[in-house]
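Remarks on the overall topology
For reference, the chains in residue letters:
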Amino acid sequence: MLLSYLKVALTTTLNIVLYALTFGRFIWLEGRVCCGVFRNWTRDFRYRPRKFARPADEAQLASVVRGAGRLRLFGAGHSFNSGVVSDEVLISLDDLSGRVCLDKSARTMTVRGGTRVRDVVRLLFDEGLAFKALPSHDAQSIGGILSTDVHGTGRDWGFVSQLVESLNVMDADGNVKTCRPEDPLFKAAVGGIGAAGVVTEVTVKAVPRFNVEQKVEKSNVRYVEQNLPRLLEENEHLSLYLFPFTKRCQINTWNQTPKARSTLGDLREFISISLDALLASWFGGLMALTGLLPALSDIAHSLKRGSNLVLESNRAFNRTIYHLHQELEFAIPYEQTFAACDAFVRLYEHMYRQRKLPYALFEVRFTPEGHKRTLVGAGRERRSVWIDLLVNESEGWERFYHEAEKLMREFGARPHLGKFCQSYTKQDMEGLHGERFAEFLDVVEAQDPTRKFSNDFTRRLFGR
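The structure reproduced in this document is the subject of the present report.

Cut-off values and rules
- Residues numbered from 1 in each chain as written.
- Predicted model: local features only at pLDDT ≥ 70, side-chain atom pairs only at ≥ 80, totals over all residues.
- Heavy atoms only, no water.
- Helix = DSSP H or I, 4+ residues; strand = E, 2+ residues; numbered from the N terminus.
- Rg over C-alpha atoms; globule rule 2.2 N^0.38 Å.
- Buried < 20%, exposed > 50% of the residue type's maximum accessible area, 1.4 Å probe, protein only.
- Contact = heavy atoms within 4.5 Å.
- Core = buried A, V, L, I, M, F, W, Y, C linked by side-chain atoms within 4.5 Å.
- Polar contact = N/O pair within 3.5 Å; in protein donor to acceptor, adjacent residues only side chain to side chain.

Focus: the overall build of the chain
A tally of helices and strands in the chain yields 14 helices and 21 strands. In summary, the chain has a C-alpha radius of gyration of 21 Å against a globular reference of 23 Å for 464 residues, a match within 12%. Taking the principal axes of its C-alpha atoms as reference, the chain extends roughly 60 × 50 × 45 Å. Taken across its 464 residues, the chain has 59% of its residues classed as buried. Here the contacts in the chain between residues at least 6 apart in sequence split such that 73% fall between residues at least 24 apart.

What follows is the structure, given as structure tokens:
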């Protein structure tokens, strides 16, 4: 375990140093192909595809798609499962990126599917525009974010797909169809992890640029449990961090504000998120490694102070720097929030006492009901709480996740298909999504009758 602890700590440190030295231009912990070898951002999935392609436009992409027997695509490689592993052809969408057109009066912009979220933000920024809200990370491609139905956290807002006016989706024959939120193809592409085709263009709806007041407060779980409805009502966006072996927690809120941005706010935020990553990898990892986590957790989590910054919206909603970790995330009905949180924290504590596990924290986020822009997305239709089990990528994390997936089934949890998802099958998906899953398979059949876009991961979840 010592070597895996050092790997997490040193890798996290190197990533922060390189990011700082290049003024944010280079992120080492990111998925990419180098010398013909693909690796995802955590380097768990590292392989040499039989063929690698990097098309620069739709015509080149269509040619590759038509000529392939089996293929998978990636944008940022910010994935935690084998959905990025290809049987034959692996396609990078990095060159299929950039702005296509802008309708400033309607505040809509069309971008190519491989455009990273951070780049879409810059393109909107230059026009005085912004996303209404964003998820917590900005590395992913816009097509990848929609393919995994990525969410944020909020009272009224939940999913990136809510900001999308239309999609262009390429089928297995290289033909492109334009679809809108009410179309079955749109709903299959959102959350369908690429099984319904390749997202080649996205038209997003923007709003005028705005500032966000971001607050981080220390609290305790009992207080949050008693006041959660009020906290959700009073704040546009809210999330929680829970920690093992302590009842202390962290409340994170984001609210639009007319206040001016904080002095050196971007630098202070970079220092804050870098410190979080370093503490989680070095100090949290060391407590876990030495067996001192039960004794020191309460003290350690009482030391960090809160913060209050006013930032440009994209600087507040998402971040770029994280420590090297794994994620297993799922959505359950909102009413089960604290029963589920308590159960997963207790599972970690029990397994840690039996045999030491890597350092972990539990992120809790919320999305409203009524999400109908997906057929198989985990937050579909019901009001949901999302529990994200973040574990340092040190020896033992898989053991914990395998037991956590068993517990997930007791709460009717729908797995986030962009995160760790090792044991869920087509039978599980049928049980969780019912007739919506059948609709999804019908769209996949029409778009890709020979399952050209499949691999072992999608075949386990969707069949064939």
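So, next bit.
So, the environment of Glu 236
Within the fold, Glu 236 resides in the loop between α6 (221-234) and β15 (237-242). If near-sequence neighbours (up to four positions away) are discounted, Glu 236 is found in contact with Thr 153, Gly 154, Arg 155, Trp 254, Asn 255 and Gln 256.

Considerations on the nonpolar core
In terms of nonpolar packing, the biggest core is built from 108 residues, with Leu 167, Leu 389, Phe 400, Phe 440 and Phe 462 touching the most fellow members. Per-element accounting of this core gives the leading share, 10 residues, to helix α10 (residues 337-354). One finds Ala 62, Val 89, Met 170 and Phe 453 within the second-largest nonpolar core, a separate group that totals 16 residues.

Points about the side chain of Glu 213
Among the secondary structure elements, Glu 213 is positioned in strand β14 (residues 211-220). Look at Glu 213 and you get buried, because its relative accessible area is 13%. Engagement of the side chain of Glu 213 in a polar contact is seen with the side chain of Asn 308, the distance being 3.3 Å.

A closer look at unusual backbone geometry
Although it is not a glycine, Phe 245 adopts a positive phi angle of roughly 60°. Among the structural elements, Phe 245 can be located in the loop between β15 and β16 (248-257). Classification of Phe 245 by relative accessible area gives buried; the value is 11%. A positive phi angle, close to 55°, is found at Leu 264, a residue other than glycine. Tracing the sequence through the fold places Leu 264 in the loop between β16 and α7 (265-290).

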